[in-house]
Amino acid sequence: MKRWLSTMLLSLTLVVSACGGTSGTSGAGTEGGAQELVVAFSTEPVTLDPQDTSDGISNNANELLFDKLVTLDKNNEIVPQLAKEWSTSEDGKKMTFKLREDAKFQDGTPVNAEAVKYTFDRVLNKENKLARYSLYAEFIDKVTVDSEYQVSFQLKFPFGPALISFAHTNGGIHSPKNLQEKGKDVGKSPVGSGPYKLKEWIPGTKMVFEANEAYWGGAPKIKTIVFKPVTENSARSIMLETGEADVIVPVVTSDVERLKGNDKLKVQTEPSSRNLYISINTSKAPFDNAKVRQALNYAVDKETIASKIMAGQAKVLDAAFGEKIWGHTSVGAYPYDPEKAKQLLAEAGIQPGTTIRLWTPEGRYLMDRQIAEFIQGNLQAVGFNVVFQKWEWGAFQEAIKSPNAEFDLAVNSWGASTNDADWALRPILKTGGASNYAKYSNPKLDELIDKGMKASDPDERKKLYSEALALIKEEAPWIFLLEYKQTSGVRSNVEGVYSWSNERLILRDAVKK
Amino acid sequence: MLSYILKRLLQMIPTLIGVSIATFVLIHSVPGDPARMIAGNEASEEEVALVRDRLGLNEPLHVQYGQYVMGLAKGDLGTSLRSDRPVLDEIVSRFPTTLMLTCVSMIVMVGVGLLAGILSATKPNSKRDNATMMFSLFGISMPIFWLGLMLILLFSYYLQWLPSGGSDGFRSFILPALALGLSSSAILARLSRSSILEVIHQDFVRTARAKGVKEKWVIYKHTLKNALIPIITIVGLEFGHLLGGAVLTETVFSMNGIGRFIIQSIQFRDYPAIQGSILFVAAIFVIVNLIVDLCYSLVDPRVRYE
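What counts and what doesn't
Residues numbered from 1 in each chain as written. Chains lettered and ligands numbered in written order. Predicted model: local features only at pLDDT ≥ 70, side-chain atom pairs only at ≥ 80, totals over all residues. Heavy atoms only, no water. Helix = DSSP H or I, 4+ residues; strand = E, 2+ residues; numbered from the N terminus. Buried < 20%, exposed > 50% of the residue type's maximum accessible area, 1.4 Å probe, protein only. Contact = heavy atoms within 4.5 Å. Rg over C-alpha atoms; globule rule 2.2 N^0.38 Å. Areas by Shrake-Rupley, 256 points an atom, 1.4 Å probe, with all protein chains shown as cover. Lys, Arg positive; Asp, Glu negative; His and termini not counted. Charge placed at Lys NZ, Arg CZ, Asp CG, Glu CD. Expected span 1.5 Å × (residues − 1). Buried area = accessible area lost by both parts, 1.4 Å probe. Salt bridge = Lys/Arg side-chain N within 4 Å of Asp/Glu carboxyl O. Polar contact = N/O pair within 3.5 Å; in protein donor to acceptor, adjacent residues only side chain to side chain. Nonpolar A, V, L, I, M, F, W, Y, C, P; charged D, E, K, R; others polar. Phe/Tyr/Trp six-rings, centres within 6.5 Å; stacked < 30°, edge-to-face > 60°. Lys NZ or Arg CZ within 6 Å of the ring centre and 35° of its normal. UniProt positions renumbered as here; feature names shortened; annotations may be inferred. Pairing = 2+ DSSP bridges. Axes fitted to C-alpha atoms, helices over the stretch in contact; angles between N-to-C directions. Parallel < 35°, antiparallel > 145°, perpendicular 65-115°, else oblique. Left-handed = near helix turned anticlockwise from the far one by under 90°. pLDDT = per-residue confidence, 0-100. Patch = residues over 30% accessible without salt bridge, like charges linked within 9 Å, V, L, I, M, F, W, Y side chains within 5 Å.

J.: What am I meant to see in the overall build of chain B here?
T.: A count of helical and extended segments in chain B gives 12 helices and zero strands. Reading the secondary structure of chain B in the N-to-C direction produces α-α-α-α-α-α-α-α-α-α-α-α. Here chain B holds 306 residues, and the buried ones make up 54% of them. Sequence separation of at least 24 residues holds for 72% of the intrachain contacts in chain B that already meet a minimum separation of 6.

In structure tokens:
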């Protein structure tokens, strides 16, 4: 018996060590060498049709495959891409783009005004039921081809954030030939004019992009980029440490310190336009009283959340939206002052022991539940009895959108994907906004938001938004919490990987040494 | 025998109809709206409505179920709401991974579990027995995901022998199969120990020993064969357990199998994908049970199916 046991153990050891032998100490992901960049995300892209994309990882892929009229640079400034130059008419209702003439789609067809019109007409047609219909249909009336390389957009009204909407990943220009050939399946076999083409997509396993050698901006340095879905946070970190992945996004907060100590990799922390706040249900007493809402803001220790729970991967929000969003003005955070909170609550006639229901999703936003638990403690310290409820994301979304939702406070986050004040406020604070969970309604704020959307003079818009931000602070429909930072992990030999503040990971300029 | 198999296969039909109704009702009563999940958090009500319309989610529930069953009758499991691919294709492309993982785990489970059971039972209450049973108690108590992470830490992170995840090639199956198989082997070890102990004290074993049969043959030929029935039962049941365990293991090890697909589909409220894959797994489980029942007659000639 003993002999049998030792034979078994010996053979097990042999099998395991033999398997190890082939890869030596280099891990398993380096076969492609400098030619291949492996990127691990928490999930995989859903579709590669820019106008039907609503998730960040699909958009990261679309940024490799597609070019837009205009784009953002490293500093989030709008720069030309397929359009060389552009102009807006006096009345702000017509935008004209002159296209570059050397750009070609990956199928060899030219990028011209027809292609731009074809792409936008498709999303503007409600019958096509594309997910980003209203992003463009809201302000574009019609698209006209002026000449082979000049296209004009007639707007429904002067729309302040028009240009930034064209810089949005959702504005990627399709090859009309491919759209006609593939029809509904275009999201699985896209053709754009970007620096990478889709080579292979094995659902659930990987998505492979290969360099478009004929790219008008010059052939990309890395020949192959592979996207891999790795759900488990710690598994992603380990893949980066062992070299199985060259880039990982996101890096879980609890791993940041450990990864920073490893000289074979770097942790990149970049600003983000995503904020974290708690919606206060302003439709219910006593939260219809601004004094009570201000008291809640004084009661919460935001600094500790940013420095301890978030380990510095966030900063305290100093306005309703973060400083990376165009139109931001600092109006200052509510200081942590429990005494002042108690005093305001007493003035508002709130009895100690009043029950307050706090909802949070779990695992959707970095450290969401942990932050909510900390706030529960803060609110109990000023005399509330907090009933805490955590939700799975899908259930949370449905529950919170219900008209009879029974929360008083709910943890929410908003990442304005256009990086513009309009999208940072209108859907979440305007009366009846699709994501206005605080059910906040203030005609004065509605008017400011409306004016800001329809003004085309940047200075005028900035003034309107700074007024709006001051009003929002005073009215406190939320407990203002954090401005997140985006954290990505990159091997030291990889350069040129960066993120826009709207959480888009840009890989087209990456270099691997 | 053949008519028995046929009867059992026919009995599968009501079971699977039951499973399909139960899954349909359960997932539709879970809160969450696939249209909203697909349209994204930023989508306006108008965009969500467009997506809902496109996915056919505006139909009443009984109509949706009717359409689903009609499709099933034609062998069509529907189209995934999330990826817009046929659910059957999604399952077929992922099943080999899950099957491979389950089979390698079975090998680990039977190899380690049965061996430990025999080692314990042949010298009951000895140090060897206590040590083996302590090990198996440890195995039962360890959550699979924890064991998985520890294995990754040791073999991928420190030793760098094996990949920490993925499903390319046999090497990537070793760690997940160990994580999955070891915890099941513990159960098997305890069960086979008691099963063997029960048989080992019976008269025919004593007779065999009295006749001077070598101890090795007493154990393998006489005892083990007679103790096999409960062992086969638990192996069959554990197959289902392993399929279930694959859900966690595949997530921890980023493997592209049915388990992770189910988790992902539930998160996205991808109704056709959830229904299809659960039905698929249920069918596999029923078939494995049938195979286990048939195995009884192979091991024990007293069992006959008419």
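J.: Is there a simple way to think about the overall build of chain A in this case?
T.: Within chain A, the regular secondary structure consists of 16 helices and 21 strands. Scaling as 2.2 N^0.38, a compact globule of 513 residues should have a C-alpha radius of gyration of about 24 Å, and chain A matches this with 25 Å. Projecting the C-alpha coordinates of chain A onto the three principal axes gives extents of approximately 85 × 70 × 40 Å. Taking all 513 residues of chain A together, the buried fraction comes to 57%. Considering only intrachain contacts with a sequence separation of at least 6, the fraction spanning at least 24 residues in chain A is 68%. Summed over all atoms, the accessible surface of chain A reaches about 19,700 Å², with 50% contributed by carbon and sulfur. Averaging the locations of the 63 positively and 66 negatively charged side chains of chain A gives two centres separated by 3 Å.

J.: Is there a simple way to think about helix α12 (residues 368-381) of chain A in this case?
T.: Every α-helix carries 3.6 residues per turn, so stepping three or four residues along brings you back to the same face. Residues and elements named next belong to chain A. Taking 1.5 Å as the rise per residue, α12 with 14 residues should run 20 Å; its terminal C-alpha atoms sit 20 Å apart, in good agreement. Taken as a whole, α12 has its buried residues at D368, R369, I371, A372, I375, Q376, N378 and L379. Two residues or fewer past α12, G383 is found with a positive phi of approximately 110°.

J.: So what exactly am I meant to see when it comes to the interface of chain A and chain B here?
T.: The figure often quoted for interface size is the accessible area lost as the parts come together. Contacts between the two partners involve 63 residues from chain A and, on the opposite side, 53 residues from chain B. When chain A packs against chain B, close to 5,100 Å² is buried across both sides, 53% of that on carbon and sulfur atoms. The interface formed by chain A and chain B holds six salt bridges in total. Here chain A and chain B share 21 residue pairs in polar contact (both at pLDDT 80 or more) between them. Looking at side-chain class alone, the side of chain A that touches chain B contains 27 nonpolar, 21 polar and 15 charged residues.

J.: Would you explain the packing of aromatic side chains in this entry?
T.: Each aromatic ring pair is summarised here by two numbers: the centre-to-centre distance and the angle between the ring planes. One pass over the full model with this rule turns up 28 aromatic pairs over all chains. Taking 5.7 Å as the distance between ring centres and 55° as the angle between the ring planes, the aromatic pair formed by A:W478 and A:F480 counts as tilted. Summarising the burial analysis for this pair, A:W478 and A:F480 share the class buried. Joined through ring pairs, the aromatic side chains of A:F97, A:F120, A:Y136, A:F139, A:F153, A:F157, A:F159 and A:F166 make up one cluster. The cationic tip of A:R258 hangs over the ring face of B:Y157; the distance from NZ or CZ to the ring centre is 6.0 Å. Note that B:R85 overlies the ring of A:W201, its terminal NZ or CZ placed 4.5 Å from the centroid.

J.: Which parts of the structure should I look at to understand the side chain of A:R236?
T.: Residues and elements named next belong to chain A. Position of R236 among the secondary structure elements: in helix α7 (residues 233-242). D255 provides the closest opposite charge to the buried, salt-bridge-free R236, at an N-O distance of 7.8 Å. Not counting chain neighbours up to four residues away, the residues in contact with R236 comprise A40, F41, S42, V230, T231, I248, V249 and P250.

J.: What exactly am I supposed to notice about the UniProt feature "domain: ABC transmembrane type-1" (unreviewed entry) in chain B here?
T.: Here, the residues flagged by UniProt with the feature "domain: ABC transmembrane type-1" (unreviewed entry) are residues 95-296 of chain B. Structurally, residues 95-296 of chain B is divided into 84% helix and 0% strand, and its ends, taken at the C-alpha atoms, are 27 Å apart.

J.: I'm lost on the side chain of B:S172 in this one. Help?
T.: Residues and elements named next belong to chain B. Relative to the helices and strands, S172 is located in helix α8 (residues 171-200). Residue S172 is classed as buried on the basis of its relative accessible area, which comes to 3%. In contact with S172, not counting residues within four places along its chain, are P163, G165, G166, S167 and M255.

J.: Please clarify how the sheet that holds strand β6 (residues 140-147) of chain A should be interpreted in this entry.
T.: Backbone hydrogen bonds are what pair the strands of a sheet, in a parallel or an antiparallel way. Residue and element names in this part refer to chain A. Spatial ordering of the open sheet is given by β4-β5-β7-β6, a layout of four strands whose pairing is antiparallel. Each of the sheet's edge strands pairs with one partner strand only, and the pair in question is β4 (83-88) and β6. Across the sheet, the mean angle separating the axes of adjacent strands is 20° when strand polarity is ignored. One ladder, built from six bridges, connects β6 with strand β7 (residues 150-155); its direction is antiparallel.

J.: Would you mind going over unusual backbone geometry with me for this structure?
T.: Apart from glycine, the bulk of residues carry a negative phi angle, and the bulk of peptide bonds sit in the trans form. Cis geometry is adopted by the peptide bond preceding A:P250, which originates at A:V249 and carries an omega value of -10°. Here A:P250 lies in the loop between β11 (247-248) and α8 (256-260). Cis rather than trans, the peptide bond between A:A285 and A:P286 has omega equal to 0°. Relative to the helices and strands, A:P286 is located in the loop between β12 (265-280) and α9 (290-299). Notably, A:E503 is not glycine yet its phi reads approximately 70°, a positive angle. For A:E503, the position within the fold is in the loop between β19 (498-499) and β20 (505-506). Phi angles above zero are rare outside glycine, and B:R269 is one such case at about 55°. Mapping B:R269 onto the fold places it in the loop between α11 (258-267) and α12 (271-299).

J.: When you look at the packing of helix α1 (residues 2-29) of chain B against α12(B) in this model, what are you seeing that I'm missing?
T.: Pairs of packed helices are described in terms of their axes, by the angle between the two and the distance that separates them. All names here are of chain B. Interhelical geometry of α1 versus α12 gives an angle of 150° and a closest axis separation of 9 Å. Comparing the axis directions of α1 and α12 gives the class roughly antiparallel. In terms of crossing hand, the pair formed by α1 and α12 is right-handed.

J.: In this structure, what is going on with the confidence of the model for chain A? I would like to understand it.
T.: As a general rule, the predicted coordinates of low-pLDDT regions are not to be interpreted in detail. For chain A, per-residue confidence averages 90 on the pLDDT scale, and residues scoring 70 or more make up 93% of the total. Averaged over each element, pLDDT in chain A is lowest for helix α1 (residues 2-21) of chain A (45) and highest for β7(A) (97).

J.: What am I meant to see in the pattern of salt bridges here?
T.: A side chain with one charge can pair with a side chain of the opposite charge if their charged atoms come near. A complete count under the given rule lists 40 salt bridges over all chains for this structure. In this structure, the salt-bridge partner of A:D420 is A:R461, at a minimum N-O distance of 2.9 Å. In this pair, A:D420 sits in the loop between β16 (409-415) and α14 (421-429) while A:R461 sits in helix α16 (residues 458-475), placing the two residues 41 residues apart along the sequence. Owing to a relative accessible area of 3%, A:R461 belongs among the buried residues under this scheme. Salt-bridge contacts for B:D129 lead to B:R193; the nearest nitrogen and oxygen are separated by 2.7 Å.

J.: Explain the UniProt feature "domain: Solute-binding protein family" (unreviewed entry) in chain A here, please?
T.: Mapped onto the present numbering, the UniProt feature "domain: Solute-binding protein family" (unreviewed entry) falls on residues 77-435 of chain A. For the annotated span residues 77-435 of chain A, helix accounts for 29% and strand for 25% of the residues, and the straight-line distance between the end C-alpha atoms is 27 Å.

J.: Quick question: what am I supposed to make of a nonpolar patch on the surface here?
T.: All names here are of chain B. A contiguous nonpolar patch, built from F138, F145, W146, M150, L153, L154, Y158, L159 and L248 and spanning about 820 Å² of accessible area, is present on the exposed surface. Broken down by element, the nonpolar patch gets its largest block of residues, six residues, from helix α7 (residues 144-158). Mapped onto the fold, F138 is located in helix α6 (residues 127-141).

J.: Can you walk me through the environment of A:D318 in this structure?
T.: All names here are of chain A. Mapping D318 onto the fold places it in the loop between β13 (314-316) and α11 (338-347). Judged by its relative accessible area of 15%, D318 is buried. It is 26 Å that separates the C-alpha atoms of D318 and A167, two residues lying 151 residues apart in sequence. With near-sequence residues (within four places) excluded, D318 lies in contact with H328, S330, V331, G332 and A333.

J.: Got a minute to help me understand the pairing of strand β8 (residues 196-202) of chain A in this structure?
T.: Consecutive residues of a regular strand have side chains that alternate between opposite faces of the sheet. Of the strand pairs in this sheet, β8(A) and strand β9 (residues 206-211) of chain A are connected by six bridges, and their pairing is antiparallel. The partner of A:W201 across the bridge, within β9(A), is A:M207.

J.: I'm lost on α1(B) in this one. Help?
T.: All names here are of chain B. Under the 1.5 Å per step criterion, the end-to-end length of α1 is 41 Å for 28 residues, consistent within 8% with the ideal 40 Å. Among the residues of α1, those classed as buried are Y4, R8, M12, L16, S20, T23, F24, I27 and H28. Contacts made by the buried residues of α1 are with α4 (61-73) and α12.

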